[in-house]
Amino acid sequence: MSDIENEYQVQVGADTDENLDLPETVVIIPIMNSPIFPGMIAPIILTQDKFTKELDDKLLSSGFVALNLVKSDLKDEDGKFVPEEEIDLENRVIRSGDIYKVGVLCKVVKKLKLPDGSVNILVHGIKRYRAFEFLEDSKLLCAKYEVFEDILEADDELDAYTRSVINQVKKISEINPYFNEEMKLAIFNSPSPGALADLVAFAISLDIPEAQDFLETLVVKKRFAKLLVYLRREKDVADIQKKISDEVNDKVNKYQREYFLREQLKVIRSELGMDEDEKSRDINRIREKLETMELPEEALKSVNEELERLETIPDTSPEYNVTRTYLNWMVDLPWSNSTEEKVDISNARKVLDKDHYGLEKAKERILEFLAVRQLKPKYDGTILCLSGPPGVGKTSLGRSIAESLGRKFYRFSLGGMRDEAEIKGHRRTYVGAMPGRIMQALKRVEVNNPVLMLDEIDKLGTSYQGDPASALLEVLDPEQNNSFIDHYLDVPFDLSKVLFIATANYIGNIPAPLLDRMEIIELSGYTIEEKISIANKWVIPKQLEKHGLTKKDLTLPVATIKKLISDYAREPGVRVMEQNIAKICRRAALEKVSRKRHKLFKPTPNDLEGILGSARFQTERAQKGLQPGVVTGLAWTSFGGEILYIETIPLAGKGTFKLTGQLGDVMNESANIAYSYVKTLLQKEASTSKKKVVEEDSDYLSNHEVHLHLPAGATPKDGPSAGITMATALYSLASNKKIKPSLAMTGELSLTGRVLPVGGIKEKVLAAKRAGIKHIILPEDNKKDLKEVPENHRKGLKFYPVSHFDEVLKVAFSKK
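Bear in mind that the values here come from a model prediction, so they are computed numbers and not experimental data. (Residues numbered from 1 in each chain as written. Predicted model: local features only at pLDDT ≥ 70, side-chain atom pairs only at ≥ 80, totals over all residues. Heavy atoms only, no water.)

Overview of the overall build of the protein
Right, on to step 1. Each helix and strand in the protein was counted, giving 28 helices and 23 strands.
Right, on to step 2. Taking all 816 residues of the protein together, 45% fall into the buried category.
Right, on to step 3. For the protein, restricting intrachain contacts to residue pairs at least 6 apart in sequence, the fraction spanning at least 24 positions comes to 74%.
Right, on to step 4. Just so you have it, the protein exposes about 43,700 Å², and 49% of that area is on carbon and sulfur atoms. (Helix = DSSP H or I, 4+ residues; strand = E, 2+ residues; numbered from the N terminus. Buried < 20%, exposed > 50% of the residue type's maximum accessible area, 1.4 Å probe, protein only. Contact = heavy atoms within 4.5 Å. Areas by Shrake-Rupley, 256 points an atom, 1.4 Å probe, with all protein chains shown as cover.)

Below you can see the structure in the form of structure tokens.
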């Protein structure tokens, strides 16, 4: 506001009740800001372009002007709404439709021409008015009008409204600087309630729609009611502004106070001869640690350089904390601290047998590894990778190896890791940078030769942030990890003394270069007998103690455990079995606290359904007297071995082959190979047969449509191991011969009839034994795998190793 405008500040209390000679028409000046209410005196500044000769003549002749607010929803020439901030009154021609009809009729008090050519008109608000007819032929915006008086009903309610408004104004004036003493004095000395309401409304600066609504309200009581709402809102906004202002001031005062106290503390320390501040303590602590450590030359050089830099950086600088954190990491790492290794094979064997049942092959390989460490402590052998299904004891085996060596053990999971920096650290240029997981593990164990277990190494991910599997190549390579460089430390660290043990569920997901650096020790699943022993020796005592029970409260018969394993916990590991035994313990605890008299809880196999729910698995039993075209096969699943039936039937049609049962690509190929081979075999047999053969029988598969199905249809199946089984089923259908009772088979079939080796022999044999199978056909090359099957499980089974499909037919079909 200019100095001239300051001369004409809003004034209140002028006499508006005098009899005025009002003109018949009045010129209207559109305004965008808050309106001038009746009884107020305020300046209106018009530019040189707007203050035309016609306007000057009109003001001289009538001495009155009307002020009307411009509507906030103006439209342009295309009919689109114009935002309020884009309305340009200087260049826009305002028409009668652009303004509100109700405004304030004002008397022109004074005109003053300014140096820049604009005109300052001092006006005095007289009455509320409404324009009811606009004059179209006038160059100015003129209108005929009518004036209004306030509708005042003097009673107790109006008095209460007045006092409420005054109280609100007093409260706001404490936090709103606009309500100064001069303004408060004008409000309290208002000549009428209507004038009081108008002045307060002008002071709180209402927006255009609210100001226009207030202007059009003639009943003073209603005006006061609206005003109280506006005042309440203004009070809330003022409170928030004050709160924000106080918070900012508190922070500024806090920083200033801390600065002054810190400076005073320095002076006090200096006076008392205590010159060591926090920065000096940090530096001295780092130097004291360095004196007791044996750092490599390159690491020591880096620490000294950063230490000199730390001395020159102010402790209030962000770089100070970054450098101090780096130095703390450097002096906290175990550069030369080692655990004395004591390898005792007999003790190691006891530790492994104490913590694990079975797994003889894995234990034997671990003992061989430990034996080499005993003969040559500095042996840099390959990295061990324990591979097997969940719950078979991979992690606990790693812990037992650490215990056998007398080393510290640390495990961290690689599952889902997608960032290379998790392994090799972040560079110090990033905010919040820190070393990788390897360095963090060494800092926590405080020795440089722990046993580090890299759990779930087959579940590493890749992303735009890098490939963690590639970062592990340097860590797990004995030729490189003696000078491993973490991006954060940026100096070599010797990892050759660390014993790395990895675990995986499926080694097929591990990248080939990483797999090449590790020696795989496979841990197969447990048999039912092994699970029963594990349950009795480890799981049940552990769960009894965990649930506050004793052997007098709960006992599980062998038959119950066997039923639990076969129907609820067929997984290769023992984790699900342990969860189900925990459920039984909780039921036993409920029974114990519910009964008044103590009674042993001893669930039978039939009680399991009431405790654990319906059985998860159904045991497939070997069927007797299979019809031609149906053969029993052996399959491997993630839950162990299973038997499955391959069914074939002839259909009306010629030479087509139909497959169902959710078969994968590999199994589809195996089925087509079996079909082609058997078709060729039948044609060959027919041509060499001395008997007269009907043409339809000589080429059965060409003259019939065959449908081959593998139940259950909802279970996906894949793999080549059902090749000879599908070929036998097709041959049985074509020759109308039944296979030998209690016979099952497994093996891959080649297009020339060779029987190729398959995997999962141990699990398949155990499944056959469980289902009551007596005879098993398997590939000749898998004969060596039978050694993995315990002797007691091989008892009662007859094995037929074969190398060609002709041998399969001789075994499968009796001479009769």
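Overview of helix α4 (residues 181-188)
Right, on to step 1. Residues M183, K184 and I187 constitute the buried set of α4. Summarising the axial view, the buried residues of α4 lie within an arc of 100°, below the 170-degree limit, and thus occupy one face. Seen from the buried face of α4, the exposed residues on the opposite side, beyond 90 degrees, are E181, E182 and L185.
Right, on to step 2. In the core, the buried residues of α4 are packed alongside α3 (156-173) and α5 (193-203). (Arc of directions from axis to C-beta.)

Some points on the packing of helix α9 (residues 297-312) against helix α10 (residues 318-332)
Angle between the axes and distance between the axes: these two values describe a pair of packed helices.
Right, on to step 1. For the pair α9 and α10, the least separation of the axes is 10 Å and the interaxial angle reads 150°. The angle between α9 and α10 places the two elements in the roughly antiparallel class. For the pair α9 and α10, the crossing hand works out as left-handed. In this structure, α9 uses A299, S302, V303, E306, L307, R309 and L310 to contact α10, whose residues at the interface are E319, Y320, T323, R324, Y326, L327 and M330.
Right, on to step 2. Split into classes, the residues belonging to the contact of α9 with α10 amount to eight nonpolar, two polar and four charged. (Axes fitted to C-alpha atoms, helices over the stretch in contact; angles between N-to-C directions. Parallel < 35°, antiparallel > 145°, perpendicular 65-115°, else oblique. Left-handed = near helix turned anticlockwise from the far one by under 90°. Nonpolar A, V, L, I, M, F, W, Y, C, P; charged D, E, K, R; others polar.)

Remarks on unusual backbone geometry
Right, on to step 1. Positioned with a positive phi, E456 is a non-glycine residue whose angle comes to about 55°.
Right, on to step 2. You can see E456 is positioned in the loop between β10 (451-455) and α16 (468-476).
Right, on to step 3. With a phi close to 55°, S742 is a non-glycine residue in the positive phi region.
Right, on to step 4. Residue position: S742 is located in the loop between α25 (723-735) and β19 (743-745).
Right, on to step 5. Judged by its relative accessible area of 24%, S742 is partly exposed.

Some points on the pairing of strand β2 (residues 25-31)
Along a regular strand, successive side chains alternate from one face of the sheet to the other.
Right, on to step 1. Of all the seven residues making up β2, six are buried; the element is thus mostly covered by neighbouring parts of the structure.
Right, on to step 2. As defined by bridge partners, β2 adjoins strand β7 (residues 142-148) across three bridges and the pair is classed as antiparallel. For V26, the partnering residue across the bridge sits in β7 and is A143.
Right, on to step 3. Here four bridges tie β2 to strand β4 (residues 64-69), and the two strands are oriented parallel to one another. Residue pairing in the sheet places I28 in a bridge with A66 of β4. (Pairing = 2+ DSSP bridges.)

Comments concerning the side chain of Q440
Right, on to step 1. Within the element layout of this structure, Q440 appears in helix α15 (residues 437-445).
Right, on to step 2. A distance of 2.8 Å separates a polar side-chain atom of Q440 from the backbone oxygen of P435.
Right, on to step 3. Ignoring any residue separated from it by four or fewer positions in sequence, one finds Q440 in contact with W329, M434 and P435. (Polar contact = N/O pair within 3.5 Å; in protein donor to acceptor, adjacent residues only side chain to side chain.)

Points about a nonpolar patch on the surface
Right, on to step 1. Together, I240, I244, V248 and V252 give the surface a local cluster of nonpolar side chains, amounting to about 340 Å² of exposed area.
Right, on to step 2. Its place among the elements puts I240 in helix α7 (residues 220-272). (Patch = residues over 30% accessible without salt bridge, like charges linked within 9 Å, V, L, I, M, F, W, Y side chains within 5 Å. Salt bridge = Lys/Arg side-chain N within 4 Å of Asp/Glu carboxyl O.)

Some words on the nonpolar core
Right, on to step 1. Grouped together as the largest cluster of nonpolar side chains are 60 residues, with contacts concentrated most on I777 and F805.
Right, on to step 2. Setting aside anything within four residues of it in sequence, one finds F805 in contact with Y677, L681, I724, A727, T728, L749, G753 and V755.
Right, on to step 3. Listed in part, the 54 residues of the second largest apolar core include A299, L307, M330 and L333. (Core = buried A, V, L, I, M, F, W, Y, C linked by side-chain atoms within 4.5 Å.)

A word on the pattern of salt bridges
Right, on to step 1. Counting across every chain of the model gives 34 salt bridges.
Right, on to step 2. Here D150 makes a salt bridge to R128, at a shortest N to O gap of 3.6 Å. On the criterion of sequence distance, the pair formed by D150 in the loop between β7 and α3 and R128 in strand β6 (residues 119-135) is long-range, its members being 22 residues apart.
Right, on to step 3. Judged by relative accessible area, D150 falls into the partly exposed class, the value being 32%.
Right, on to step 4. A single network of salt bridges, built from pairs that share partners, joins R128, D150, D198 and R223.

Some remarks on the sheet that holds strand β14 (residues 518-522)
Right, on to step 1. Pairing is parallel across the open sheet formed by five strands, whose spatial order is β9-β10-β13-β8-β14. This sheet does not close on itself; its edge strands, each paired only once, are β9 (409-413) and β14. With direction set aside, neighbouring strand axes in the sheet form an average angle of 25°.
Right, on to step 2. Pairing geometry for β10 and strand β13 (residues 499-504), over four bridges, is parallel. Each bridged residue has a counterpart across the sheet, and for V451 the counterpart in β13 is L499.
Right, on to step 3. Relative to β14, helix α12 (residues 360-375) is tilted by about 145°, and along the sheet it contacts β8 (383-387), β13 and β14.
Right, on to step 4. α15 contacts β9, β10 and β13 of the sheet and is inclined by roughly 150° relative to β9.

Quick notes on the side chain of S670
Right, on to step 1. Turning to its location among the elements, S670 is positioned in helix α22 (residues 665-688).
Right, on to step 2. Residue S670 is classed as buried on the basis of its relative accessible area of 8%.
Right, on to step 3. Aside from chain neighbours lying at most four places away, what touches S670 is G719, P720, G723 and M726.

Description of the packing of aromatic side chains
Right, on to step 1. On inspection of all chains with the given rule, the structure shows nine aromatic pairs.
Right, on to step 2. Plain terms: the ring middles of Y129 and Y145 are 5.9 Å apart, the flat faces sit at 85° to each other, and that makes the pair edge-to-face. Remark: Y145 occurs in strand β7 and Y129 occurs in strand β6; sequence separation between them is 16 residues. As far as the burial class goes, Y129 and Y145 line up, both buried.
Right, on to step 3. Geometrically, the ring pair formed by W335 and F493 is tilted, given 4.8 Å between the ring centres and 50° between the ring planes. In this pair, W335 is assigned in the loop between α10 and α11 (345-355) and F493 in strand β12 (residues 492-493), connecting sequence segments 158 residues apart.
Right, on to step 4. A residue is classified by how much of its surface remains accessible, and W335, at 11% relative accessible area, is buried.
Right, on to step 5. A cation sits over an aromatic face here: R428 above Y326, 3.8 Å from the ring centre. (Phe/Tyr/Trp six-rings, centres within 6.5 Å; stacked < 30°, edge-to-face > 60°. Lys NZ or Arg CZ within 6 Å of the ring centre and 35° of its normal.)

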